[in-house]
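Fold and geometry: a report
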Amino acid sequence: LTVPFLGEIPLAYHKRRKLIIKPKEADTAQLVVEENVRNSINEAFRVVRTNLEFMLHKGKDSKVIMVSSFNSGSGKTFISINLATSLAIKNKKVLLIDMDMRRATLSKYIDSPKTGISNYLVEYENNLDNIIIKSLVHKNLDVIPVGTIPPNPTELLNDEKIESLLSDLRKEYDYILIDCPPIEMVADAAIINAHVDSTLFVVRAGLLNRNMLPALQRLYDEQKYCNLNIILNGTEEVLNRYSYRRYGYRYGYNYGYVKYSTNE
């Protein structure tokens, strides 16, 4: 592939940590990024953060980023939450928006409020402040949930109000990360992409069929998605205890690994 590669996120042993807000469902993604922690997965997210900042540096207004994948279960919600936290730790004001209106996985972190972006788009809620939830993880991190699950998410996303919404939010936040549905399942991601500055495409190790790689390359070659970049998620090593160098950082792997059923 010639698609720009932002980095890889390893599978990591997970101890119980405070989430944005305790999720109702046990199979939701875990928050692993913490301030002043130097383990390998935190270092991996720092590398991705640094590479992302480098990629976006050329445009002062380049700060709306959508996160998607080919497959459900690739870990796009996991990547969205932890990358947003990593940016917030660096004293950036960050907003996470759940636009996966069919699954609303990200919204589970704030107990799935009944009012969110879907209510705003249909004008049941006109006050933007009423749908922005303050994160418990970091003072610089906010979340907009889906709200009421709509029967017509694709039509809702086609509304011109999306553009004005993001235009207003750009003035308030350094980074806006949008958790989107997988691109091959519905048209939602393609619609959202018209309003973003960059696309983070999550490839899950051991999940994506290698036969799909040419299709991913075509998306890049044909510029189907704005500034497409790849993150490789869920990499696993044979040995549990060793270290190596990647991207100028030294990672120390001296803890166990465990596989989750899904990172989303």
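Predicted model, so just to flag it, every value in this text is computed and none were measured.

**Points about the overall build of the chain**
A count of helices and strands for the chain gives 7 helices and 10 strands. Looking at the chain as a whole, 56% of its 264 residues qualify as buried. Within the chain, contacts between residues at least 6 apart in sequence are counted, and of these 80% link residues at least 24 apart. As presented, the chain carries roughly 12600 Å² of accessible surface, and 47% of it is formed by carbon and sulfur atoms.

**With respect to the pairing of strand 8 (residues 228-235)**
Along any regular strand the residues' side chains alternate between the sheet's two faces. Burial of strand 8 is extensive: 7 of the 8 residues sit out of reach of the surface. Pairing of strand 1 (residues 5-10) with strand 8, which is carried by 5 bridges, proceeds in the parallel orientation. Directly across from Ile-9, in strand 8, lies its bridge partner Asn-233. In this sheet, strand 8 lies alongside strand 7 (residues 198-204) in parallel orientation, the contact comprising 6 bridges. Directly across from Val-202, in strand 8, lies its bridge partner Ile-231. Handedness of the β-α-β unit built from strand 7, helix 7 (residues 213-221) and strand 8 comes out right-handed.

**With respect to the pattern of salt bridges**
Side chains carrying opposite charge are able to pair once their charged atoms draw close together. According to the stated counting rule, one finds 10 salt bridges in the structure shown. In this structure, the salt-bridge partner of Lys-76 is Asp-100, at a minimum N-O distance of 3.0 Å. With Lys-76 in helix 2 (residues 76-89) and Asp-100 in the loop between strand 3 (94-98) and helix 3 (117-121), this pair connects stretches of sequence that are 24 residues apart. Across the pair, Asp-100 and Lys-76 agree in class, each one buried. The shortest N-O distance in the salt bridge between Asp-188 and Arg-102 comes to 2.4 Å.

**Remarks on the sheet that holds strand 4 (residues 133-134)**
Strand order in the open sheet made by the 8 strands is 1-8-7-2-6-3-5-4, with mixed pairing throughout. Unpaired on one side and paired on the other, strand 1 and strand 4 mark the two borders of the sheet. Bridge count for strand 3 against strand 6 (residues 175-179) is 5 bridges, and the pairing is parallel. Its bridge partner being in strand 6, Leu-95 is matched across the sheet by Ile-176. Helix-sheet contacts for helix 7 involve strand 7 and strand 8, and the interaxial angle to strand 8 is about 150°.

The rules behind each value
- Residues numbered from 1 in each chain as written.
- Predicted model: local features only at pLDDT ≥ 70, side-chain atom pairs only at ≥ 80, totals over all residues.
- Heavy atoms only, no water.
- Helix = DSSP H or I, 4+ residues; strand = E, 2+ residues; numbered from the N terminus.
- Buried < 20%, exposed > 50% of the residue type's maximum accessible area, 1.4 Å probe, protein only.
- Contact = heavy atoms within 4.5 Å.
- Areas by Shrake-Rupley, 256 points an atom, 1.4 Å probe, with all protein chains shown as cover.
- Pairing = 2+ DSSP bridges.
- Right-handed = clockwise from strand over helix to strand, strands pointing away.
- Salt bridge = Lys/Arg side-chain N within 4 Å of Asp/Glu carboxyl O.
- Axes fitted to C-alpha atoms, helices over the stretch in contact; angles between N-to-C directions.

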